[in-house]
Number of protein chains: 2
Amino acid sequence: MGDNKSTTACQPLSLTNVNTLLDSVECFLFDCDGVIWKGDTLIDGVPQTLEMLRSKGKKLVFVTNNSTKSRKQYAHKFQSLGIQVTEEEIFSSSFAAAMYLKVNEFPPEKKVYVIGGEGILEELKLAGFTGLGGPEDAKKTVQLKANTLFEHDKSVGAVVVGLDPYLNYYKLQYGTICIRENPGCIFIATNRDATGNMTDLQEWPGAGCMVAAVCGSTQKEPIVVGKPSTFLMDFLQKQYKIPTDKMCMVGDRLDTDILFGQNAGCKTLLVLSGVTSKSTLQDPSNHIQPDIYTNQISDIFDLLNS
Amino acid sequence: MGDNKSTTACQPLSLTNVNTLLDSVECFLFDCDGVIWKGDTLIDGVPQTLEMLRSKGKKLVFVTNNSTKSRKQYAHKFQSLGIQVTEEEIFSSSFAAAMYLKVNEFPPEKKVYVIGGEGILEELKLAGFTGLGGPEDAKKTVQLKANTLFEHDKSVGAVVVGLDPYLNYYKLQYGTICIRENPGCIFIATNRDATGNMTDLQEWPGAGCMVAAVCGSTQKEPIVVGKPSTFLMDFLQKQYKIPTDKMCMVGDRLDTDILFGQNAGCKTLLVLSGVTSKSTLQDPSNHIQPDIYTNQISDIFDLLNS
């Protein structure tokens with residue numbers, strides 16, 4: 001007899017289970033990078049698949065750990081790729097960071113230092129908070145000379161770290177010194193993805209890289225607000241009022257998307273169009289098994305039209 | 001009764017134990033940053049203390065986790081501060097990285113990618129290896145555009161990560177892609193110090209920050225060659241042929257210097273002239289207790305001349 005893990009291994013999406021899936025699910029939660037697009041290129045068959053799901057009355061929600069854009073910027077990206085998605089349908093980790101502060105009554109007179117992109121600063125602003133850092137510190141350098149005093153704003157009460165392709169020593173010192181020296185300063189990570197498809201052809205270091213750097217210098221662990229943390233699920237549920245067992249999380253990453261879905265009690269569908277290969281999924285060292293897997297989301301469309 | 005920890009707590013250096021210490025120790029191992037100097041400023045009373053120890057026939061060795069300089073560059077730094085120290089008395093983590101490759105018969109036709117300073121590249125060259133990266137990649141940037149292919153050298157067989165105040169996304173992607181994609185590529189950390197006194201007035205993120213970043217993106221753990229790893233102790237012992245219980249490790253950091261000394265079987269002396277305060281030492285959460293502690297190394301000189 002095989003072990004329990006192999007007998008509970010996930011099934012490929014098929015003619016048999018695709019109808020059961022659609023019958024039992026009211027809301028599909030999609031990850032974006034590796035599911036909807038890779039970099040700025042739409043994955044084949046995405047528009048007709050989303051359109052078909054909407055035509056069947058399914059709610060569609062997009063839950064992305066990529067914090068470089070705000071919800072508004074994501075809505076623009078969808079539009080530019082020919083897909084109609086509203087801001088309210090988008091739950092990004094940039095939005096999650098701002099909402100975490102709001103829900104936890106972060107004092108608006110305090111400031112937030114950002115190691116990350118414009119998206120985080122925009123969401124902070126929309127939520128009524130003052131952000132510092134981010135893109136404006138991209139070209140800052142430090143002078144490691146005797147008697148150099150690195151000045152920082154003592155009113156920073158939170159440091160938010162996300163994906164930052166413009167990471168530098170200035171930002172690392174700024175974030176570190178706030179967390180180490182400002183009393184009560186909290187450390188928030190948008191997410192901890194090790195890598196991501198920042199371009200179509202390759203993976204690049206993800207927010208997990210920048211977050212780990214700040215963990216390394218502060219020796220503190222962050223509060224994670226993106227997937228697999230289910231922090232965003234509360235917002236999602238308030239808005240859609242659908243039980244989580246009527247939801248299906250669709251993603252390309254086992255340790256964020258599929259784990260998030262499972263943590264929240266959703267059905268889970270892994271697509272192999274992003275960072276996870278079939279061999280990784282089936283490797284004995286992998287202990288995260290989605291309910292179903294398939295190559296790409298357009299397989300749903302193809303199966304239903306075959 | 002108190003618990004075991006408090007009864008075995010370390011003693012302050014005193015008139016009583018300073019003579020016992022000097023009688024029982026043949027070789028003093030000194031950390032540099034926070035013990036000999038802070039940034040480029042010599043700590044008070046260092047030259048006369050070292051001179052006195054030499055005059056009493058003690059061997060002096062300098063074991064530093066700071067990898068930004070080579071042994072040769074360290075010897076120059078000592079000279080510029082008015083202290084005569086030879087290259088052979090210096091054991092830096094830059095030297096340790098090169099020696100690790102040599103001892104493990106790293107193929108000389110393979111290359112080594114460096115996230116760190118000139119010191120590592122210089123030691124690699126002296127050991128007969130070809131280094132890439134380091135300072136020459138300090139100003140490199142990446143283009144995250146569709147169809148951008150980040151090229152890397154497939155013959156890189158090791159990535160060495162140390163303190164790098166010029167850390168950027170290019171270097172992070174280069175090191176990450178080598179570790180992830182080049183078969184058998186090893187990941188070496190010079191050390192994992194969270195912070196260091198890069199300037200006199202403040203602590204800054206240390207090599208532990210850069211190393212953690214690469215752990216975050218590769219999801220691999222490095223081979224650490226600097227303190228508290230005792231890798232360097234073999235070289236030290238070959239050269240000096242002194243049993244480790246006749247050695248005393250003098251440092252300012254509990255989790256590197258004191259732990260290194262203890263791991264190697266040396267006596268240990270903590271100085272409070274660097275990153276560790278007396279309250280940190282005596283905090284119940286600290287489980288690393290040196291044999292003796294004092295404010296700065298010149299206390300040895302002062303006590304013997306009082």
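Residues numbered from 1 in each chain as written. Chains lettered and ligands numbered in written order. Predicted model: local features only at pLDDT ≥ 70, side-chain atom pairs only at ≥ 80, totals over all residues. Heavy atoms only, no water.

All names here are of chain A. Residues annotated by UniProt as "binding site: substrate" (unreviewed entry) correspond here to K227. Tracing the backbone through its elements, the reader meets K227 in the loop between β13 (223-224) and α9 (231-240). With a relative accessible area of 2%, K227 lands in the buried category. (UniProt positions renumbered as here; feature names shortened; annotations may be inferred. Helix = DSSP H or I, 4+ residues; strand = E, 2+ residues; numbered from the N terminus. Buried < 20%, exposed > 50% of the residue type's maximum accessible area, 1.4 Å probe, protein only.)

Quick look at the domain arrangement of chain A now. Residue and element names in this part refer to chain A. In terms of domain boundaries, chain A breaks down into domain 1 (12-65 + 228-301) and domain 2 (95-224). A straight line from the C-alpha centre of domain 1 to that of domain 2 covers 29 Å. Counting residues at the interface gives 13 residues for domain 1 and 17 residues for domain 2. With both sides pooled, the region where domain 1 packs onto domain 2 buries about 1200 Å², and carbon together with sulfur makes up 58% of that total. Its largest share of buried area at the contact with domain 2, domain 1 owes to N65, F231 and R253, together 38% of the area lost on that side. For the pair domain 1 and domain 2, the number of links is one salt bridge. With its nearest N and O atoms 3.1 Å apart, the salt bridge here joins R253 to D193. (Domains from an automatic or database assignment. Contact = heavy atoms within 4.5 Å. Buried area = accessible area lost by both parts, 1.4 Å probe. Salt bridge = Lys/Arg side-chain N within 4 Å of Asp/Glu carboxyl O.)

Turning to the sheet that holds strand β15 (residues 267-271) of chain A, a few remarks are in order. Residue and element names in this part refer to chain A. One open sheet accounts for seven strands, arranged β1-β16-β15-β14-β2-β5-β6; its pairing is parallel. Each edge of the sheet is formed by a strand with only one pairing partner; in this case those strands are β1 (11-12) and β6 (90-92). As paired elements, β15 and strand β16 (residues 292-294) share three bridges and run parallel to each other. Within β16, the position partnered with V271 by the bridge is T294. (Pairing = 2+ DSSP bridges.)

All names here are of chain A. One pass over the structure, following the stated rule, counts zero disulfides over all chains. Cysteine C27 shares no disulfide, and the gap to the nearest cysteine sulfur, in C266, comes to 8.1 Å. Owing to a relative accessible area of 0%, C27 belongs among the buried residues under this scheme. Here C266 stays unpaired: no disulfide links it, and the sulfur of C248, its closest cysteine neighbor, is 7.9 Å away. With a relative accessible area of 8%, C266 lands in the buried category. (Disulfide = S-S within 2.5 Å.)

Between the two copies, chain B and chain A, the superposition gives an RMSD of 0.0 Å; the rotation angle is 180° and the shift along the axis is 0.0 Å. Seen this way, the second copy is the image of the first under a two-fold rotation axis. Of the C-alpha atoms belonging to chain B, the one lying closest to the rotation axis is found on A213 of chain B, 2.2 Å away. The overlap is high: 100% of the interface residues of chain B also sit at the interface in chain A, so the same surface is used on both sides. (Least-squares fit on C-alpha atoms with pLDDT ≥ 70 in both.)

Before going further, it helps to spend a moment on the environment of A98 of chain A. All names here are of chain A. You can see A98 is positioned in helix α5 (residues 93-103). For A98 and L121, which are 23 residues apart along the polypeptide, the C-alpha to C-alpha distance reads 8.8 Å. Beyond its immediate sequence surroundings of up to four residues, A98 is in contact with E123, L124, A127 and F129.

Residue and element names in this part refer to chain B. Per the counting criterion, the structure on display carries 32 aromatic pairs over all chains. Residues Y170 and Y174 carry aromatic rings whose centres are separated by 6.0 Å and whose planes lie at 45° to one another, so their mutual orientation is tilted. Taken together, the positions of Y170 and Y174, both in helix α7 (residues 169-181) and four residues apart, correspond to about one turn of that helix. Judged on exposure class, the residue Y170 and its partner Y174 are both buried. Just above the ring of Y74 sits the side chain of K69; from NZ or CZ to the centre is 6.0 Å. (Phe/Tyr/Trp six-rings, centres within 6.5 Å; stacked < 30°, edge-to-face > 60°. Lys NZ or Arg CZ within 6 Å of the ring centre and 35° of its normal.)

Turning next to the sheet that holds strand β10 (residues 186-189) of chain A. All names here are of chain A. On the basis of which strands lie adjacent, the open sheet formed by five strands has the order β8-β7-β9-β10-β13 and parallel pairing. Looking along the sheet, the strands with just one partner apiece sit at the ends: β8 (130-133) and β13. In this structure, β10 lies alongside β13, joined through two bridges in parallel fashion. Its bridge partner lying in β13, I188 is registered against I223.

Residues and elements named next belong to chain A. When the UniProt feature table is mapped onto this chain, "active site" (unreviewed entry) is found at D31 and D33. In this structure D31 comes out as buried when scored by relative accessible area, which is 5%. Apart from residues lying up to four places away in sequence, D31 is in contact with I36, V63, T64, K227, M249, V250, G251, D252 and D257. A polar contact is formed between the side chain of D31 and the side chain of K227, at a distance of 2.9 Å. Locating D33 in the fold gives a position in the loop between β2 (27-30) and β3 (37-38). (Polar contact = N/O pair within 3.5 Å; in protein donor to acceptor, adjacent residues only side chain to side chain.)

Within the structure shown, the criterion is met by 20 salt bridges over all chains. Among the ionic pairs, K171 of chain B bridges to D164 of chain B, the shortest N-O distance being 2.8 Å. For K171 of chain B, a relative accessible area of 0% translates into the label buried. Accessibility expressed as a relative area gives 1% for D164 of chain B, which makes it buried. Taken together, the salt bridges that share partners define one network made up of D31, K227 and D257 of chain A.

Taken together, the contact between chain B and chain A spans 40 residues of the former and 40 residues of the latter. Here chain B meets chain A over a buried area of about 3400 Å², counting both sides, of which 63% is carbon and sulfur. The interface formed by chain B and chain A holds two salt bridges in total. Across the pair E203 of chain A and R180 of chain B runs a salt bridge whose closest N-O atoms are separated by 2.9 Å. Taken together, the links from chain B to chain A amount to eight residue pairs in polar contact (both at pLDDT 80 or more). Elements with a contribution of two residues or more to the side of chain B that touches chain A: α7, β12 (204-205) and α8 (207-218) of chain B. The residue makeup of the side of chain B that touches chain A, split by class, is 20 nonpolar, 14 polar and six charged. (Nonpolar A, V, L, I, M, F, W, Y, C, P; charged D, E, K, R; others polar.)

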